[in-house]
Amino acid sequence: MTAYGSFPGARPRRLRTTPAMRRMVAETRLHPADLILPAFVREGISEPVAISAMPGVVQHTRDTLRKAAVEAREAGVAGIMIFGVPEDAKKDAAGTAGTDPDGILQVAIRDVKSEVGDELVIMSDLCLDEYTDHGHCGVLDAEGRVDNDATLERYAEMAQVQADAGVHVVGPSGMMDGQVGVVRDALDTIGKEDVSILAYTAKYSSAFYGPFREAVGSSLRGDRKTYQQDPANVGESLRELALDLEEGADMVMVKPAGPYLDVLAKFAEAVDVPVAAYQISGEYAMVEAAAEKGWIERDKAIAETLLGIKRAGANMILTYWATEVAQGLGAGR
């Protein structure tokens, strides 16, 4: 037996003794207002369509999207990020359905705005990939490459029709050089100075996007490595960060979240604007699949992934579990 007096004076385990003690001294806490719900709305369907690679997530009808927005608001979720899924016949090389005032995304924005008003932050994906027949995030040149500057003109049009529909925040996600500045100018030109920009500042070319492509009915041919970031690079993300802030980004994002927590932490340390992280489809699918196999405890794993993202510095987390987690947090008060 160890002699009295030789025990360590500092015993961190004292602060882990009971659930109440651990809750009291927790350094990181999730709150419903930390969460944003990504949601898909599909044109031309009468019932929600399940996404096979994302159990529990659907392509919404206009009516069920309204209901999902209300449910998110009631749970205390901060916002909803809407992705439009047009009919295949409306896709073309220029993604014109994305700038049609009566296109599915613009109609859905108006639907949600009429349902929840300003009580939920309504966000919109500002990108062409859902609307092009080639599936790329921009228009192509004669050699089949994504034309950066021609794409920016399309993004400016998209920003304006989304703002006219009533969106609070646009999310330019295509990783075109100069996109934030062009979108800001386009919004200001039509008197939409109050519409915020959530910049997809560090969007990596990731293997974890697979289920998302089913969710938006992607027609992608090839890959996006010439415009999305190389997973090997961190310094490049910091350069993108400086450019986006200079161009007028109100908020910045890292996507995906889990594999890039180091980048997220660097962003959080470097800026004084809100930092978002997107827990993407593949991150969601891995947890759901492992839980279905009985290999992990689903609810605990979900909470741990979200805590890790927030601990790394995220002020906001886009996650497909947003409403479910927010409801659980509310029940535990």
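Here's what I pulled together on the structure shown here. Since the structure is predicted, the reported quantities are computational estimates derived from the model, not experimental observations. Counting starts from 1 at the beginning of each chain's written sequence and moves along it residue by residue. Residues qualify for local features only when their pLDDT is at least 70, as the model is predicted, and side-chain atom pairs are given and counted only at 80 or more; totals for whole chains, interfaces and linings, by contrast, use all residues. To get the side-chain values, take all heavy atoms of the structure and skip hydrogens and water.

### Some remarks on the nonpolar core
One recurring pattern in soluble globular proteins: nonpolar side chains tend to sit buried together.
And step 1. Core analysis: the biggest nonpolar cluster contains 94 residues, and Ile80, Ile82 and Tyr155 have the highest contact counts within it.
And step 2. Excluding residues that lie within four positions of it along the chain, isoleucine 80 makes contacts with Ile36, Leu37, Ala39, Leu65, Ala69, Val112, Leu120, Val121, Ile122 and Met123. In this text, buried Ala, Val, Leu, Ile, Met, Phe, Trp, Tyr and Cys residues form a nonpolar core when linked through side-chain atoms within 4.5 Å. Burial classification: accessible surface area is computed with a 1.4 Å probe over protein chains only, and a residue below 20% of its type maximum counts as buried, one above 50% as exposed, and the rest as partly exposed. The contact definition used throughout considers only heavy atoms, calling two residues in contact when any of these lie within 4.5 Å.

### Remarks on the packing of aromatic side chains
And step 1. Stacked, edge-to-face and tilted are the three classes for Phe, Tyr and Trp ring pairs, Trp counted by its six-membered ring, which pair at centre distances within 6.5 Å; planes under 30 degrees apart are stacked, over 60 edge-to-face, the rest tilted. Applying the stated criterion across every chain yields a total of 6 aromatic pairs.
And step 2. Taking 5.8 Å as the distance between ring centres and 75° as the angle between the ring planes, the aromatic pair formed by tyrosine 284 and tyrosine 320 counts as edge-to-face. One end of the pair, tyrosine 284, is in helix α9 (residues 281-292); the other, tyrosine 320, is in the loop between β10 (316-318) and α11 (322-331), and 36 residues separate them in sequence. Per residue, the accessibility class of tyrosine 284 equals that of tyrosine 320, and both read buried. Numbering goes from the N terminus for both helices and strands, where a helix is a DSSP run of H or I of at least four residues and a strand is a run of E of at least two.

### Section: helix α7 (residues 235-247)
And step 1. The span expected for a helix works out to 1.5 Å for each residue beyond the first. Helix length check: α7, at 13 residues, gives a terminal C-alpha distance of 19 Å against a target of 18 Å (1.5 Å per residue), a fit within 8%.
And step 2. Taken residue by residue, α7 has Ser237, Glu240, Leu241 and Asp244 as its buried positions. Here the buried residues of α7 occupy an arc of 105° about the axis, which is enough to place them on one side. Exposed positions of α7 whose direction lies more than 90 degrees from the buried face are Arg239 and Glu246.
And step 3. In this structure, the buried side of α7 is in contact with α5 (179-189), β7 (196-203), β8 (251-255) and α8 (261-270).
And step 4. Just beyond α7, the residue with positive phi is glycine 248, at close to 110°. The arc in question is the one spanned by the directions pointing from the helix axis to the C-beta atoms.

### Description of the pattern of salt bridges
And step 1. Think of a salt bridge as a Lys or Arg side-chain nitrogen and an Asp or Glu carboxyl oxygen that are within 4 Å of each other. Enumeration according to the criterion identifies 20 salt bridges in this entry.
And step 2. Here aspartate 141 makes a salt bridge to arginine 145, at a shortest N to O gap of 3.0 Å.
And step 3. Across the salt bridge formed by glutamate 288 and arginine 298, the nearest N and O atoms sit 2.9 Å from each other. Within this pair, whereas glutamate 288 is found in helix α9, its partner arginine 298 is found in helix α10 (residues 298-311), the two being separated by 10 residues in sequence.
And step 4. Judged by its relative accessible area of 10%, glutamate 288 falls in the buried class.
And step 5. A residue is classified by how much of its surface remains accessible, and arginine 298, at 24% relative accessible area, is partly exposed.
And step 6. When salt bridges that share partners are traced, they join Arg62, Asp63, Arg66 and Asp111 into one network.

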